[in-house]
Amino acid sequence: MTISYNWLSEYLPSTIDTHTLSTILTSIGLEVESMETYESCKGGLKGLVIGEVLQCEPHPNADKLKITQVQVGGAEPLQIVCGAANVAVGQKVVVATVGSTIYPTSGEPLTMRVAKIRGVESFGMLCAEDEIGLGSSHEGILVLPENLVPGTLASDYFGSYSDVIYEIGLTPNRMDAMSHLGVAKDVCAYLSYHQQAELRPKTPYLALPNNVLNTLPFEVTIENEKACPRYSGLSISGVTVGESPEWLKNRLQAIGLRPINNIVDVTNYVLHETGQPLHAFDAAAIAGRHIRVKNLPQDTLFVSLDGKERRLLADDLLICDNLNQPLCLAGVFGGRDSGVNPSTTSIFLESACFAAVGIRKTSVKHGLRTDAATRFEKGVDISNTVSVLHRAAQLILQVAGGSISSPTIDVYPIPKARTQVTLTYAYLTKLSGKKYAPQSVSNLFSVLGFEIVAQNDDQITVAVPFCKPDISLPADLVEEVIRIDGLDNIAIPTTISISPSVEALTVKDALREKIATYLVGKGFNEIFTNSITNSKYFTPEVIAHSVSMLNSLSADLDVMRPSILETGLECLSYNINRRISNLQFFEFGKTYHAKATANYYEVEHLAMYITGNNHEDGWRNKQVPQDFFSAKGYAEAVLALCGIADASFTQTNSEHALTLTIATKKQQLGTIVQVGKQKLAGFDIKQSVYFIDFDYEALLQAATRKKITYKEVPKFPVVQRDLALVIDQSITYATIEASIQKAKLDKLQAVRLFDVFENDKLGINKKSVAINFSFLDESKTLTDKETDSMMQTLIAIFEKDLEAIIRK
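Now for a quick tour of the structure.

Definitions and limits used
Residues numbered from 1 in each chain as written. Predicted model: local features only at pLDDT ≥ 70, side-chain atom pairs only at ≥ 80, totals over all residues. Heavy atoms only, no water. Phe/Tyr/Trp six-rings, centres within 6.5 Å; stacked < 30°, edge-to-face > 60°. Helix = DSSP H or I, 4+ residues; strand = E, 2+ residues; numbered from the N terminus. Buried < 20%, exposed > 50% of the residue type's maximum accessible area, 1.4 Å probe, protein only. Lys NZ or Arg CZ within 6 Å of the ring centre and 35° of its normal. 1 Å grid on protein atoms, 1.4 Å probe; cavity = no way out; pocket = protein on both sides within 12 Å on 5 of 7 lines; lining within 4 Å. Points joined across faces, edges and corners; volume = space filled by probe spheres on them. Core = buried A, V, L, I, M, F, W, Y, C linked by side-chain atoms within 4.5 Å. Contact = heavy atoms within 4.5 Å. Pairing = 2+ DSSP bridges. Axes fitted to C-alpha atoms, helices over the stretch in contact; angles between N-to-C directions. Left-handed = near helix turned anticlockwise from the far one by under 90°. Nonpolar A, V, L, I, M, F, W, Y, C, P; charged D, E, K, R; others polar. Parallel < 35°, antiparallel > 145°, perpendicular 65-115°, else oblique.

### Side note on the packing of aromatic side chains
Line of reasoning, step 1. By the definition in use, this model includes 16 aromatic pairs.
Line of reasoning, step 2. Ring plane angle 40° and centroid distance 4.7 Å describe the contact between Tyr-537 and Phe-683, whose orientation is recorded as tilted. Pair noted here: Tyr-537 is in the loop between strand 30 (532-533) and helix 14 (540-543) and Phe-683 is in the loop between helix 17 (677-681) and strand 38 (689-695), with a separation of 146 residues, a long-range link.
Line of reasoning, step 3. Summarising the aromatic geometry, the rings of Phe-773 and Phe-798 are spaced 6.5 Å apart at their centres and angled 35° between planes, so their arrangement reads as tilted. Residue Phe-773 is located in strand 41 (residues 766-775), and its partner Phe-798 is located in helix 20 (residues 784-801); the two are separated by 25 residues in the primary sequence. Pair check on accessibility: Phe-773 and Phe-798 agree, each one buried.
Line of reasoning, step 4. One aromatic cluster in this structure is built from Trp-7, Trp-247 and Tyr-269.
Line of reasoning, step 5. Arg-578 extends its terminal NZ or CZ atom over the ring of Tyr-574, reaching a point 3.7 Å from the ring centre.
Line of reasoning, step 6. The ring centre of Tyr-601 lies 5.4 Å from the NZ or CZ of Lys-595, which sits over that ring.

Pasting the structure below:
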């Protein structure tokens, strides 16, 4: 929210310096995010004066230069070398004296110094309008009226306007502070409370005379009372549409608005003054002088003020004429054919209250984020429409002439009752930690616009003003008191007593905590990525079963993520682009899917992302790149942590370089992926990335099916045997494992692959794998004969199933 210091000060009972005012605003919850000086002409024309050219002679050393003598109000005239073709004796001109700084319309500022130009000293500069920021013309120096007195300050003649502009960070509930009067009300409440005096903002509202002639009558019909609970208006005849006066243009430009014409500028001025949006219609464009507030059929065409033809929705609220022709998108945007234009002589001025939800939907769907829509969607003061209407009408009469030509029309079918809230002083003390005097609280509420319904020594009941729709509970009133007192004035207690609640973790949370602790110990960092992502990451087939955003705030965030990989890759890319290339991340997050329209479901994931080296290069250890087996090892470790021993890994086809599916006999648990180069290129990642994706609910189910059992530590030794097999290169280790399981050897405790060797001497497309087998009998020590028998069983299976040759 942009607030002008000069404008705000008009409503305050006394002048407050800019920095003190900034402190007060922040203290009462209107945080000042920035405070900047505004100048209608940059630099404020400081150091620039009006001069009179007394002499003008050709430069002896330059054909296009002239030597002038210019009187600027001093004892002696200044000698200035000028290159403008239009300079002449007797002219009144703008002079930039030595030491002054000029700010061109385009280009860098320039500070005047004594200069020697082609051998002749020059003590200043005669200025063109673009050289001092007053326009864009550079055809010659700026020639002023002859009646000006030399030495007059340029800022006095041109009327340079300066102000201090505050940018206030408003919370969404503070619609009451979306205007200069709203902010002034809060400042007055602060001053009243701390000065123990009842101070109120100066009101700009004045009632219109009662003896108004009804020469241009209008009628208003509200056909959708839910979407428009109140509509006020009046007509003004004999206006002259033209440029606004300087004071009005300065006010609007200071807060970043572009002046349009005197009628439109008044409606914008009153909007930022009071927070109530207004709209002025060309009265001649309203057929039958009848305003109808209604909805039109779906796909009705409407040409808006910007010249675009828009296809209306059935929910859009329209201001129509008696022929049901749309004049305006109610509370959002005007129409091309009904707006004020240079030939307009009569207007119908609207001040209404529209339902917030409808305005928000229309504004977002049509992409029209206007100041009016912003106010309506947060709520406006329904009790203030007529007062604001009269304020705007008076200003229009002041700047555009004319006369009121109809009585005030005010259609208010169901008057709204004020919300009443009771606050006990004991509750105020309990919640704020501070004891407040009842009379101070009563005065504070009164200055803020609350009506005191009842009060005694124990409590106070107030009727909430319509400009504060968020207040409905006693706690809301406590917030108002604390805010106006000043958040910094709440003392911090010397001791804080809390009663911590200790609750046992659920099985789901306990497993999550266990896995997270393990991964952090292994050097992983936990990340939290956005559940909303960019649809361009996915194929049309994936998007067809995704949850798209209806009202996306950004084109880059338009779909609920159907896969957790892409948001993780964004995080990896961000770090890699900042030269952090060795990364291990994990995330517990959800993906979102659609079975059919409005039939959605979520899947919770444990995702792990691995890229770069497993550690930095050191004097003892060389860095080792992460690879697919690193990822598989982390996946196996998580499975072991969950007590899942029967999971298998199966290679499957996918868009990626390599994919393994992790599954038990009953369900699929997840996948391990070496992300494909095409996918990585979309995120500008040039190094390998390995992605482990567990379905967390499936992992939890598999983990909870395993019963924890305890057994005695074995008393007997483990017997180990090594076996080297020569097999085809196409045979995977998973195939070897499957063959070992066929042997069904109860005493086989562990299997470990410890070497892989490939050489042409083994044969074409052959490799040698060396495997270690560990055997244990928990009831006795195994004999060599028993161990050899089990090894022979394995050898026979390998020879049959794998056509293996046993290396001896």
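### Points about the layout of surface pockets
Line of reasoning, step 1. Approximately 1700 Å³ is the volume found for the largest pocket.
Line of reasoning, step 2. As for the largest pocket, its lining consists of 39 residues, and the residues nearest its centre are Lys-632, Phe-649, Tyr-733, Ala-734 and Glu-737.
Line of reasoning, step 3. At the level of secondary structure, the elements contributing two or more residues to the lining of the largest pocket comprise helix 16 (628-641), strand 35 (648-652), strand 36 (658-663), helix 19 (733-742), strand 40 (748-757) and strand 41.
Line of reasoning, step 4. It is helix 19 that provides the largest number of residues to the lining of the largest pocket, a total of seven residues.

### So, the nonpolar core
Line of reasoning, step 1. In this structure, Leu-21, Leu-25, Tyr-166, Val-187, Ile-263, Ile-396 and Phe-445 are the most contacted members of the largest nonpolar core, which totals 76 residues.
Line of reasoning, step 2. Sorting elements by how many residues they give to this core places helix 4 (residues 180-195) first, with nine residues.
Line of reasoning, step 3. Contacts of Phe-445, omitting those with residues within four sequence positions, involve Leu-423, Phe-450, Ile-452, Ile-460, Val-462, Leu-477, Glu-480 and Val-481.
Line of reasoning, step 4. Of all hydrophobic cores here, the second largest spans 37 residues; its members include Phe-218, Val-220, Ile-222 and Phe-281.

### What about the pairing of strand 28 (residues 459-463)?
Line of reasoning, step 1. The buried fraction of strand 28 is high, at four of five residues.
Line of reasoning, step 2. Where strand 26 (residues 420-424) and strand 28 come together, five bridges link them in antiparallel fashion. Note that in strand 28 the partner of Val-421 across the bridge is Val-462.
Line of reasoning, step 3. Across four bridges, the pairing between strand 27 (residues 451-455) and strand 28 is antiparallel. Residue Ile-452 lies in a different strand from strand 28, and its bridge partner there is Val-462.
Line of reasoning, step 4. From the end of strand 27 to the start of strand 28, which pair antiparallel, there are three residues.

### Some thoughts on the side chain of Ser-4
Line of reasoning, step 1. In this structure, Ser-4 sits in strand 1 (residues 2-4).
Line of reasoning, step 2. Beyond its immediate sequence surroundings of up to four residues, Ser-4 is in contact with Asp-163, Val-164, Ile-165, His-180 and Ile-255.

### Here we look at the pairing of strand 6 (residues 92-96)
Line of reasoning, step 1. The buried fraction of strand 6 is high, at five of five residues.
Line of reasoning, step 2. Alternating positions in strand 6 separate into two faces, Lys-92, Val-94 and Ala-96 on one and Val-93 and Val-95 on the other, with burial throughout.
Line of reasoning, step 3. Where strand 3 (residues 48-58) lies against strand 6, five bridges are found, and the strand directions are antiparallel. Paired with Val-49 across the bridge in strand 6 is Val-95.
Line of reasoning, step 4. Bridging between strand 6 and strand 12 (residues 143-144) involves two bridges; their strand directions are antiparallel. Each residue of the ladder has a partner; that of Lys-92, found in strand 12, is Leu-144.
Line of reasoning, step 5. Pairing geometry for strand 6 and strand 11 (residues 125-126), over two bridges, is antiparallel. In the sheet register, Ala-96 faces strand 11, and the bridge partner there is Met-125.

### A look at the sheet that holds strand 41
Line of reasoning, step 1. Read across the sheet, four strands follow the order 40-41-39-42 without closing on themselves; strand pairing throughout is antiparallel. Of all strands in the sheet, those with a lone pairing partner are strand 40 and strand 42 (805-807), marking the two edges. Ignoring strand direction, the axes of neighbouring strands in this sheet form an average angle of 30°.
Line of reasoning, step 2. Here helix 20 sits on the sheet in contact with strand 39 (719-728), strand 41 and strand 42, set at roughly 15° to strand 39.

### Here we look at the environment of Ala-491
Line of reasoning, step 1. Looking at the secondary structure, you find Ala-491 in the loop between helix 12 (474-485) and helix 13 (507-521).
Line of reasoning, step 2. With relative accessibility at 65%, the residue Ala-491 sits in the exposed group.
Line of reasoning, step 3. The spatial distance from the C-alpha of Ala-491 to the C-alpha of Leu-680 is 54 Å, given a sequence separation of 189 residues.

### Concerning the packing of helix 7 (residues 356-365) against helix 8 (residues 371-378)
Line of reasoning, step 1. Remark: helix 7 packs on helix 8, axes separated minimally by 7 Å, with the N-to-C direction vectors making an angle of 145°. Read as a crossing pair, helix 7 and helix 8 show a hand that is left-handed. Contact residues: helix 7 offers Ala-356, Ile-359, Arg-360 and Ser-363, while helix 8 offers Ala-373, Phe-376 and Glu-377.
Line of reasoning, step 2. Partitioning the contact of helix 7 with helix 8 into residue classes produces four nonpolar, one polar and two charged.

### Some thoughts on unusual backbone geometry
Line of reasoning, step 1. The backbone phi angle of Arg-579 is positive, close to 65°, even though this residue is not glycine.
Line of reasoning, step 2. Secondary-structure assignment places Arg-579 in the loop between helix 15 (565-576) and strand 33 (583-596).
Line of reasoning, step 3. Among the residues examined, Arg-579 registers a relative accessible area of 79% and is labelled exposed.
Line of reasoning, step 4. Not every positive phi belongs to a glycine, and Glu-803 is a case in point at roughly 55°.

### Observations regarding the packing of helix 13 against helix 18 (residues 696-705)
Line of reasoning, step 1. Where helix 13 contacts helix 18, the two axes come as close as 11 Å, and the packing angle between them is 100°. Relative to helix 18, helix 13 is oriented roughly perpendicular. Contact residues: helix 13 offers Val-507, Lys-508, Leu-511, Arg-512 and Ile-515, while helix 18 offers Tyr-696, Glu-697, Leu-699, Leu-700, Ala-703 and Thr-704.
Line of reasoning, step 2. Grouping the amino acids of the contact of helix 13 with helix 18 by side-chain chemistry returns seven nonpolar, one polar and three charged.

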